[in-house]
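What follows is each chain in one-letter form.
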Amino acid sequence: MTLPLSIRNLTAGYPQQPVLEGLNLDLEAGEFVGLIGANGAGKTTLLRSILGLVPIHCGSIQVLGKPPITARAQIGYVPQKHLFQWDFPITVEQAVLSGRTKAIGWFRRAGTSDWRAVYSALDRTELTPLRNRVIGELSGGQKQRVLLARALASDPQLLLLDEPFTGIDAPTQTCLNRLYQELTASGLAILMSTHDMVAARAYCSRIIGLQRCLVLDAPASQHSVEELYTFLHHDRVSPA
Ligand code: ATP
């Protein structure tokens, strides 16, 4: 069966600085994987590599059996909240529609199937009542839901989340997690970078630790929150 994500012996990074070295990783359909690592360990670089945005020096990345550029329409990406341009004068609905850009293409207007995908994503993220609000007026939790709806509008099979719990209160976190669990139950694979070890251990099925290559790969229940924080500060936990 074709895996949502398969990375083999990957060395990737920036011209003067390879950030990831000899990295191997498979994700199966329905997995919710937490990606942890110290500041600068390469978590965002890994997510951007999977999107085809970082040069690969050697090795390979396959998304659903295809190179990232070819599979881009099937990857949903939720960037860190502060990286989105919230002062853009567009509504929630328009922001979510921008997640369909790859599916719509340059020479076509949004059609019925595109709007159906947008309304379905708004509904799943409980944003329908806010769909005509300007995005800059939203709370932090609402903004996080807009980013998720925008990623879901492309009907992805692989979802990449970059620090989705930063600045999010506990009820919104619980609500988002419920949605992540529903999505994985329907076969979506999720890779989530996070510094929140409590959330990673509670919500993810598996946790991987990055320090240029993978130095931890275990079921989430295998390590305590304290051990995971130890990993974050010392880069390694002893194997169970
Ligand atoms: P954090 O937890 O702080 O967000 P991270 O694990 O996501 O960190 P990355 O952002 O992937 O780490 O950065 C890994 C390394 O790559 C860092 O040393 C960083 O300075 C470097 N780096 C990131 N972006 C670029 C870039 N565009 N050009 C050159 N180097 C970069």
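Quick notes on the rules
Residues numbered from 1 in each chain as written. Predicted model: local features only at pLDDT ≥ 70, side-chain atom pairs only at ≥ 80, totals over all residues. Heavy atoms only, no water. pLDDT = per-residue confidence, 0-100. Contact = heavy atoms within 4.5 Å. Pairing = 2+ DSSP bridges. Helix = DSSP H or I, 4+ residues; strand = E, 2+ residues; numbered from the N terminus. Axes fitted to C-alpha atoms, helices over the stretch in contact; angles between N-to-C directions. Buried < 20%, exposed > 50% of the residue type's maximum accessible area, 1.4 Å probe, protein only. Salt bridge = Lys/Arg side-chain N within 4 Å of Asp/Glu carboxyl O. Phe/Tyr/Trp six-rings, centres within 6.5 Å; stacked < 30°, edge-to-face > 60°. Near = heavy atom within 4 Å. Polar contact = N/O pair within 3.5 Å; in protein donor to acceptor, adjacent residues only side chain to side chain. Expected span 1.5 Å × (residues − 1).

A. Structural detail: the confidence of the model for the chain. With 96% of its residues at a pLDDT of 70 or more, the chain shows a mean pLDDT of 91. This stretch, residues 236-240, has a pLDDT under 50; its non-local contacts, to residues over four places away or in other chains, come to 10 contacts.

B. Representation of the sheet that holds strand β1 (residues 5-14). Here we have 3 strands laid out as an open sheet, ordered β2-β1-β4, and antiparallel in their pairing. The open sheet has two edge strands with one neighbour each: β2 (17-27) and β4 (56-62). Shown here is a sheet whose adjacent strand axes are inclined to one another by a mean of 20°, direction ignored. When β1 meets β4, the two strands line up antiparallel, connected through 5 bridges. Of the residues in β4, the one forming a bridge with Thr11 is Cys58. Most of the contacts of helix α1 (residues 43-50) go to β1, to which it runs at about 115°, and overall it touches β1, β2 and β4.

C. Representation of the environment of Leu27 in the model. Tracing the chain through its elements places Leu27 in strand β2. A residue is classified by how much of its surface remains accessible, and Leu27, at 0% relative accessible area, is buried. Counting along the chain gives 21 residues from Leu27 to Ser6, while the straight-line C-alpha distance between them is 6.6 Å. Beyond its immediate stretch of four places on either side in the chain, Leu27 contacts Leu3, Pro4, Leu5, Val33, Leu158, Ala189, Ile190, Leu191 and Arg206.

D. Geometry of the environment of Gln173. Relative to the elements of secondary structure, Gln173 occurs in helix α7 (residues 170-185). The spacing of Gln173 and Gly141 is 32 residues in sequence and 8.3 Å in space, taken between C-alpha atoms. Residues within four places of Gln173 in sequence aside, it is in contact with Phe165, Ile168, Asp196, Ala199 and Tyr203.

E. View of the pattern of salt bridges. Considering all chains together, one arrives at 8 salt bridges under this definition. Taking the shortest distance from any N to any O, the salt bridge between Glu21 and Arg212 comes out at 2.9 Å. Taken together, the residues Glu21 in strand β2 and Arg212 in the loop between β8 (206-211) and β9 (213-219) connect sequence positions 191 residues apart. When salt bridges with common partners are traced through the structure, they connect Glu31, Arg206 and Asp217 into a single cluster.

F. Seen up close, the packing of aromatic side chains. Scanning the entire structure with this criterion turns up 5 aromatic pairs. Seen in terms of ring centroids, Phe32 and Tyr180 are 5.7 Å apart; in terms of plane orientation they differ by 70°. Their pairing is edge-to-face. Linking Phe32 in strand β3 (residues 32-36) with Tyr180 in helix α7, this pair joins segments that are 148 residues apart in sequence. Summarising the burial analysis for this pair, Phe32 and Tyr180 share the class buried. One aromatic cluster in this structure is built from Phe32, Phe165, Tyr180 and Tyr203.

G. View of the site of the ligand. The full set of residues close to the ligand is Tyr14, Gln17, Val19, Ala38, Asn39, Gly40, Ala41, Gly42, Lys43, Thr44, Thr45 and His195. One of the side-chain nitrogen or oxygen atoms of Asn39 is found 2.9 Å away from an oxygen atom of the ligand. The leading source of residues in the shell around the ligand is α1, at 3 residues.

H. Spatial organisation of helix α6 (residues 140-152). The first and last C-alpha atoms of α6 sit 19 Å apart over 13 residues, in line with the 18 Å expected at 1.5 Å per residue. The buried count for α6 comes to 11 of 13 residues, which makes it a mostly enclosed element. As for α6, its buried residues are in contact with β5 (75-78), α3 (92-97), α5 (112-124), β6 (158-162) and α7.

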